[in-house]
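Structural characterization, general
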Amino acid sequence: MRGQTGSRSNGIMRKRPIGIFDSGLGGLTVLKEIRKILPGEDIIYFGDTARVPYGAKSRDTVIKFSVQNADFLVGLGVKMIVAACNTSSSFSLPTLRRRYNIPVVGVIGPGAKGAAGATRKLKVGVIGTKATISSDIYKKEIKKINPKIDVIGASCPLFVPLVEEGWLNTDVTEVIARRYLAPLKQKGIDSIVLGCTHYPLLKPVISRIFGKNVSVIDSASQTAKAVKKILDNNGISNNSGQARCRFYVSDEPELFRKIGSRFLGSRINSVKRVEVG
Ligand code: DGL
């Protein structure tokens, strides 16, 4: 299947929505950042809530699900695909880029670029799901920018459920975070990449643990900047749209609506359930 850019004019493309997908609701942190810097764009968000989490699944399964999610968005006529999920971005970007002729943006490259630009001691920490960390993708991307940078990864599997429970600033969260982050602290990193959709909500705790000398790089805001640049470079940005967001999920919409509003920091009014794959 191919996307629909083909020979259509930029004028038509410009008005089309941006398509964002994630394994569930975490990708709303990316949507929030995109909306901040691209307030004129319409957006369609798909959360694969029936099959979340991706973070403990195999590469093949993550690629299969990612293609199904992106096919759904392409079917709705989006002008760009954003794989907001770090786990999905770790494995599926080459496949998605071969499959469509619209731009496909992931969260790894932008996060890696942010970290490579921020580190002074050339020591970067990366945290994410088990799948993302074991893929070593952040290490590869950071080393592509500067091979001298030492990259130390740590998976933090309990962070996703803690965030979904809304336990953002509790003593339990702090104890768990200190335990996960201790090896990175010992290695003397000076920048840390939040390599998972959910982690921006834990930024206050993580910043407190590392102190002010460690830069905390949020992949979500770096990705939003990359999205803007690609739209501009392709002449397909829309400054005058209605900024409408449509939300689709593969399981029960109500829970997504409730917890999603917390991720987004604003109310989600309507969510539709659809079957993909
Ligand atoms: N969206 C996933 C990520 O950024 C976290 C949740 C999951 O494991 O599916 O890696």
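Residues numbered from 1 in each chain as written. Predicted model: local features only at pLDDT ≥ 70, side-chain atom pairs only at ≥ 80, totals over all residues. Heavy atoms only, no water.

Let's talk about the overall build of the protein chain
Put simply, the test is: A run of DSSP states H or I qualifies as a helix once it reaches four residues; a run of E qualifies as a strand once it reaches two. Both are numbered from the N-terminal end. C-alpha atoms define the radius of gyration, and 2.2 Å times the number of residues to the power 0.38 defines the globule rule. Relative accessibility thresholds used throughout: buried, under 20% of the residue-type maximum; exposed, over 50%; partly exposed, between the two (1.4 Å probe, protein chains only). Throughout, a residue-residue contact means that at least one pair of heavy atoms, one from each residue, lies within 4.5 Å. Shrake-Rupley sampling with a 1.4 Å probe provides the accessible areas, and residues are treated as covered by the protein chains on show and by no other component. Neither His nor the chain termini are counted; the positive set is Lys and Arg, and the negative set is Asp and Glu. The atoms used to mark charge sites are NZ of Lys, CZ of Arg, CG of Asp and CD of Glu.
On a plain count of helices and strands, the protein chain comes out with 12 helices and 10 strands. Its C-alpha atoms give the protein chain a radius of gyration of 18 Å, within 12% of the compact-globule value 19 Å for 277 residues. Here the protein chain holds 277 residues, and 56% of them are scored as buried. Looking at the protein chain alone, contacts between residues at least 24 apart form 77% of all its contacts between residues at least 6 apart. As displayed, the protein chain has an accessible area near 12200 Å², and 51% of this comes from carbon and sulfur atoms. Across the protein chain, the 44 positively charged side chains and the 21 negatively charged ones have centroids separated by 6 Å.

Some remarks on the pattern of salt bridges
To be explicit about the condition: Whenever Lys or Arg places a side-chain nitrogen within 4 Å of a carboxyl oxygen from Asp or Glu, that contact is recorded as a salt bridge.
Under the defined criterion, the tally for this structure stands at 12 salt bridges. Across the pair Asp-42 and Arg-244 runs a salt bridge, and its minimum N-O distance is 3.3 Å. Of this pair, Asp-42 sits in the loop between helix 2 (28-37) and strand 2 (43-47) while Arg-244 sits in the loop between helix 11 (219-233) and strand 9 (245-249); the two residues are 202 residues apart in sequence, bridging distant segments of the chain. The exposure class assigned to Asp-42 is buried, which follows from its relative accessible area of 10%. Given the relative accessible area of 54%, Arg-244 is considered exposed. Put simply, Arg-273 and Asp-251 hold a salt bridge, and the shortest N to O gap is 3.4 Å. In this pair, Arg-273 is assigned in strand 10 (residues 271-273) and Asp-251 in the loop between strand 9 and helix 12 (253-264), connecting sequence segments 22 residues apart. On the accessibility criterion, Asp-251 (30% relative accessible area) is partly exposed. A single network of salt bridges, built from pairs that share partners, joins Glu-174, Arg-178 and Arg-208.

Focus on the side chain of Thr-49
Locating Thr-49 in the fold gives a position in the loop between strand 2 and helix 3 (59-75). With relative accessibility at 18%, the residue Thr-49 sits in the buried group. In this structure Thr-49 touches Ser-23, Gly-24, Val-249, Ser-250, Asp-251 and Phe-256, once residues within four positions along its chain are discounted.

Thoughts on the sheet that holds strand 1 (residues 18-22)
The cut-off we apply is this: Here, a strand pair is defined by DSSP locating no fewer than two bridges between the strands. Axis angles are defined between N-to-C directions and span 0 to 180 degrees, where every axis is a line fitted to C-alpha atoms and, for a helix, only to the segment in contact.
Read from one edge to the other, the open sheet built from 6 strands follows the order 4-3-1-2-9-10, with strand pairing classed as parallel. With one partner strand each, in any of the chains shown, strand 4 (104-106) and strand 10 form the two edges of the open sheet. Strand after strand, the sheet turns through a mean of 20° between neighbouring axes, direction not considered. Summarising the sheet, strand 1 and strand 2 pair through 5 bridges and their orientation is parallel.

Remarks on the site of the ligand
Condition: Throughout this document, a residue counts as near a molecule or strand when at least one of its heavy atoms sits within 4 Å of that molecule or strand. Two N or O atoms count as a polar contact when they lie within 3.5 Å, although within protein this holds only if one can serve as hydrogen donor and the other as acceptor, and sequence-adjacent residues are included solely when both atoms are side-chain atoms.
Lining the immediate environment of the ligand, one finds 13 residues, of which Ser-23, Tyr-54, Gly-55, Thr-87 and Thr-197 sit closest. Between the ligand and Asp-22, the relevant distance is 3.0 Å, taken from a nitrogen atom to a side-chain nitrogen or oxygen of the residue. At 2.9 Å, a side-chain N or O of Thr-197 approaches a nitrogen atom of the ligand. With the chains in place, 98% of the 300 Å² that the ligand exposes on its own is no longer accessible.

Structural notes on the pairing of strand 9
Here is the rule: A clockwise path from the first strand over the helix to the second, with the strands pointing away from the viewer, defines a right-handed crossover.
Judged from the 5 bridges that link them, strand 2 and strand 9 form a sheet pairing that is parallel. Within strand 9, the residue paired with Ile-43 across the bridge is Cys-245. When strand 9 meets strand 10, the two strands line up parallel, connected through 3 bridges. Opposite Val-249, over in strand 10, you have Arg-273 as the bridge partner. Tracing the backbone out of strand 9, into helix 12 and back to the parallel element strand 10 gives a crossover that is right-handed.

Quick word on helix 7 (residues 137-145)
Definition in use: To obtain the arc, one takes the directions from the helix axis to the C-beta atoms.
When helix 7 is considered as a whole, its buried residues turn out to be Ile-137, Tyr-138 and Ile-142. Looking straight down helix 7, one finds that the buried residues subtend no more than 125° of arc, so they occupy a single side.

Things to note about the sheet that holds strand 8 (residues 215-218)
Here 4 strands make up an open sheet; going across it, the order is 6-5-7-8 and the pairing parallel. Each having just a single partner strand, strand 6 (150-155) and strand 8 make up the two edges of the open sheet. Neighbour-to-neighbour, the strand axes of this sheet turn through a mean angle of 25°, independent of strand direction. Packed onto the sheet, helix 5 (residues 108-118) meets strand 5 (123-128), strand 7 (191-195) and strand 8 and runs at close to 160° relative to strand 8. Helix-sheet contacts for helix 11 involve strand 7 and strand 8, and the interaxial angle to strand 8 is about 55°.

Spatial relationships are all this shows, so hold off on functional conclusions.
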